[in-house]
Amino acid sequence: MECGHPKNSVAATAECPISLDLFTDPVTLSTGQTYDRPSIEKWLADGNLTCPVTMQRLTDTTLIPNHTLRHLIHRWLLADPGVNCRHKPVQSAGDSDAGFSLLALKQKLQSSNTSRADKLDCLEKVRVLSVESDIGRACLIELGFFPLLLQLLFQYSVVVDSALAEAMLDCVLSLSASAQLDSLDMLKEHARLTSLELLLDQGNTKTKTSLCHLLKVIAASSATRELCLVVGESRRVLQAIVSLLHDKSSIRASEAAVRAISGMCSLEPNRSHAIRGGVVDGLVSHLSSRNPRTAAPALATLELLLTLEAGKKALVEHSDAIKVLVKMLFRISTADHEGSEHALGSLLAVCCESEKARSEAMDAGVMTQLLLLLQSQCSSMAKAKARDLLKLMKSLWLEETKSYEIDDSFHTPGTATIQRI
């Protein structure tokens, strides 16, 4: 597998001699042998100081990118027959898969005559190439696989088979980091948006989870800002996300829903739609689950929604919301200062205007949580917000404790803090 010999068959050199998989990043050693970068780096990291093929001792372990081979593989993937993503690319003339190229792969996916099993096989090959080979991923993008997969996934008035939908979404998400995301604008079309809504409503948990990841991609890109606003107006999309937020049976789906709605609510026009769609209740439900890993983005989104009066009203009307926020103050403070800041910000937003909220916060033990927070290693911003909330709650707290003499030596550490504020 020596570099510098383009007359050799590209297919013969398309596999790394260590992994036996298609090259993703071909590099050449001082011995002239070419390997896939991840494979040879692991070989060297394990303490091996020889060339795996020639077994020559290496005095120089510099890895030189093999641009010639990369270019040849790129051309071969686009046009040469015999692609079989993970295994040997070239097959015998009598093999039924001979002549299978990326172009043929695309044609098979487009054809209505292709069986379900063959389409799943094609999609697996696309997934492997998109994940394991930057060369393969570039070829897939160049050949238009990203918009093609979107067209197949979001068909007019058709709910795609669940296995096919899962496979297509895996490929779409793998390609999204490198693709031109304006292809997603096809979802502005009513029929395709309806297809998205149907998948979110009727798809299985894995499909719904993947769709939430796609919504996050849409929300994160300036190229799809208008699409994010269109999706944010969809009552059915919001209903599906809220349902996942309430779902305690699938942590991954619930967490994906948090990230999706968090991204969507980064655009101000989407916030009022989210509130009307029940997102405040959904976020509170998610936060009430045991130690959610997405507590910080959920709290950040909740604080954003509380900048609107409708958001504050929805939170105050929720029977457990204040109690949940009080529990969040110190539960995540040591591991996630940002989460505590958002919990404090949310409590400040509602307690400033609602006596009911202040009373519920007192009943939930907010004073103890605030005192513990002030003595912790939380951020300066969290401490500043905690002091503001203490000042707000001080008069109510004093009323409840007026029968007791407030003394530093008698009360718990931190009581003096309230006296000083």
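In short, a report on the structure. (Residues numbered from 1 in each chain as written. Predicted model: local features only at pLDDT ≥ 70, side-chain atom pairs only at ≥ 80, totals over all residues. Heavy atoms only, no water.)

## What about the overall build of the protein chain?
And step 1. A count of helical and extended segments in the protein chain gives 22 helices and three strands.
And step 2. A buried classification covers 51% of the 421 residues belonging to the protein chain.
And step 3. Within the protein chain, counting contacts between residues at least 6 apart in sequence, those at least 24 apart form 65% of the total.
And step 4. Approximately 19,800 Å² of the protein chain is accessible, and the part contributed by carbon and sulfur atoms is 50%. (Helix = DSSP H or I, 4+ residues; strand = E, 2+ residues; numbered from the N terminus. Buried < 20%, exposed > 50% of the residue type's maximum accessible area, 1.4 Å probe, protein only. Contact = heavy atoms within 4.5 Å. Areas by Shrake-Rupley, 256 points an atom, 1.4 Å probe, with all protein chains shown as cover.)

## Thoughts on unusual backbone geometry
And step 1. In this structure, Met55 takes a positive phi of about 65° despite not being glycine.
And step 2. Within the secondary structure, Met55 is located in the loop between α1 (37–45) and β3 (64–65).

## Quick look at the state of the cysteines
And step 1. All told, the structure shown has zero disulfides when counted by the stated rule.
And step 2. Lacking any disulfide linkage, Cys351 is separated from the closest cysteine sulfur, that of Cys352, by 7.5 Å.
And step 3. A residue is classified by how much of its surface remains accessible, and Cys351, at 1% relative accessible area, is buried. (Disulfide = S-S within 2.5 Å.)

## Points about the environment of Arg127
And step 1. Assignment of secondary structure puts Arg127 in helix α4 (residues 116–132).
And step 2. Taking the C-alpha atoms as reference points, Arg127 and Val172, separated by 45 residues in sequence, lie 8.6 Å from one another.

## Some points on the nonpolar core
And step 1. Of all hydrophobic cores here, the largest spans 121 residues; its most connected members are Leu215, Leu315 and Val366.
And step 2. The element best represented in this core is helix α7 (residues 162–176), accounting for eight residues.
And step 3. No fewer than three residues from each of domain 1 (12–79) and domain 2 (319–396) sit in this core.
And step 4. Once residues within four sequence positions are removed from consideration, Val366 is found in contact with Val326, Leu329, Ala361, Leu389 and Met393. (Core = buried A, V, L, I, M, F, W, Y, C linked by side-chain atoms within 4.5 Å. Domains from an automatic or database assignment.)

## As for helix α14 (residues 279–287)
And step 1. For α14, the buried fraction is high: eight of the nine residues fall into the buried class.
And step 2. Residues of α14 that are buried include every one of Val279, Val280, Gly282, Leu283, Val284, Ser285, His286 and Leu287, and no others.

## Remarks on the packing of helix α12 (residues 251–264) against α14
And step 1. One can describe the packing of α12 onto α14 by two numbers: an axis separation of 11 Å at closest approach and a directional angle of 140°. Comparing their axes, α14 and α12 come out oblique. As for how α12 packs across α14, the hand of that crossing is left-handed. On the side of α12, the interface is formed by Ser254, Glu255, Val258 and Ile261, while α14 contributes Val279, Leu283 and His286.
And step 2. Classifying every residue of the contact of α12 with α14 gives four nonpolar, two polar and one charged. (Axes fitted to C-alpha atoms, helices over the stretch in contact; angles between N-to-C directions. Parallel < 35°, antiparallel > 145°, perpendicular 65-115°, else oblique. Left-handed = near helix turned anticlockwise from the far one by under 90°. Nonpolar A, V, L, I, M, F, W, Y, C, P; charged D, E, K, R; others polar.)

## Considering the sheet that holds strand β2 (residues 34–36)
And step 1. Reading across the sheet, the three strands line up as β2-β1-β3 and stay open at both edges, with antiparallel pairing between neighbours. Unpaired on one side and paired on the other, β2 and β3 mark the two borders of the sheet.
And step 2. Sheet analysis places strand β1 (residues 26–28) next to β2, joined by three bridges and oriented antiparallel. Paired with Pro26 across the strands is Asp36, a residue of β2. (Pairing = 2+ DSSP bridges.)

## Looking at the side chain of Lys119
And step 1. The topology assignment puts Lys119 in helix α4.
And step 2. Here Lys119 is buried and forms no salt bridge, its nearest opposite-charge partner Asp118 lying at an N-O distance of 10 Å.
And step 3. Beyond its immediate chain neighbours, meaning those up to four positions away, Lys119 contacts Lys108, Leu109, Ser111, Thr114 and Leu164. (Lys, Arg positive; Asp, Glu negative; His and termini not counted. Salt bridge = Lys/Arg side-chain N within 4 Å of Asp/Glu carboxyl O.)

## Some details on the environment of Thr301
And step 1. Inspection of the secondary structure puts Thr301 in helix α15 (residues 295–305).
And step 2. Along the sequence, Thr301 and Ser266 sit 35 residues apart, while their C-alpha atoms lie 8.0 Å from each other.
And step 3. Other than its neighbours up to four places away in sequence, Thr301 contacts Ile261, Ser262, Cys265 and Leu283.

## Notes on helix α19 (residues 355–363)
Because an α-helix completes one turn every 3.6 residues, residues spaced three or four positions apart along the sequence face the same direction.
And step 1. Listing the buried residues of α19 in full gives Ala357, Ala361 and Met362. The buried residues of α19 occupy an angular sector of 135° when the element is viewed end-on, so they sit on one face. Opposite the packed face of α19, turned more than 90 degrees from it, sit the exposed residues Glu355 and Asp363.
And step 2. The backbone nitrogen of Lys356 has a side-chain oxygen 3.4 Å away, supplied by the residue at the start of α19, namely Ser354.
And step 3. Of the residues trailing α19, Gly365 is marked for its positive phi of about 85°. (Arc of directions from axis to C-beta. Polar contact = N/O pair within 3.5 Å; in protein donor to acceptor, adjacent residues only side chain to side chain.)

## Points about the side chain of Lys312
And step 1. Inspection of the secondary structure assignment puts Lys312 in helix α16 (residues 309–317).
And step 2. If sequence neighbours within four positions are ignored, Lys312 has contacts with Leu306, Ala349, Val350 and Glu353.

## Quick word on the environment of Asn204
And step 1. Here Asn204 shows up in the loop between α8 (190–202) and α9 (205–220).
And step 2. Judged by its relative accessible area of 27%, Asn204 is partly exposed.
And step 3. With 42 residues separating them in the primary sequence, Asn204 and Ser162 have C-alpha atoms 7.0 Å apart.

## Considerations on the pattern of salt bridges
And step 1. Tallied over the full model, the rule gives 17 salt bridges.
And step 2. Among the ionic pairs, Asp185 bridges to Lys188, the shortest N-O distance being 3.9 Å.
And step 3. With relative accessibility at 32%, the residue Lys188 sits in the partly exposed group.
And step 4. Here the salt bridges share partners, and the residues they tie into one network are Asp25, Arg37 and Glu41.

## Quick look at the packing of helix α6 (residues 145–153) against α7
And step 1. Two numbers describe how α6 lies on α7: the axes approach to 10 Å, and their chain directions differ by 150°. By the angle between their directions, the pair α6 and α7 is classed as roughly antiparallel. The hand of the α6/α7 crossing is left-handed. Seen from α6, the contacting residues are Phe145, Phe146, Leu149, Leu150, Leu152 and Leu153; seen from α7, they are Ala165, Met168, Leu169, Cys171, Val172, Leu175 and Ser176.

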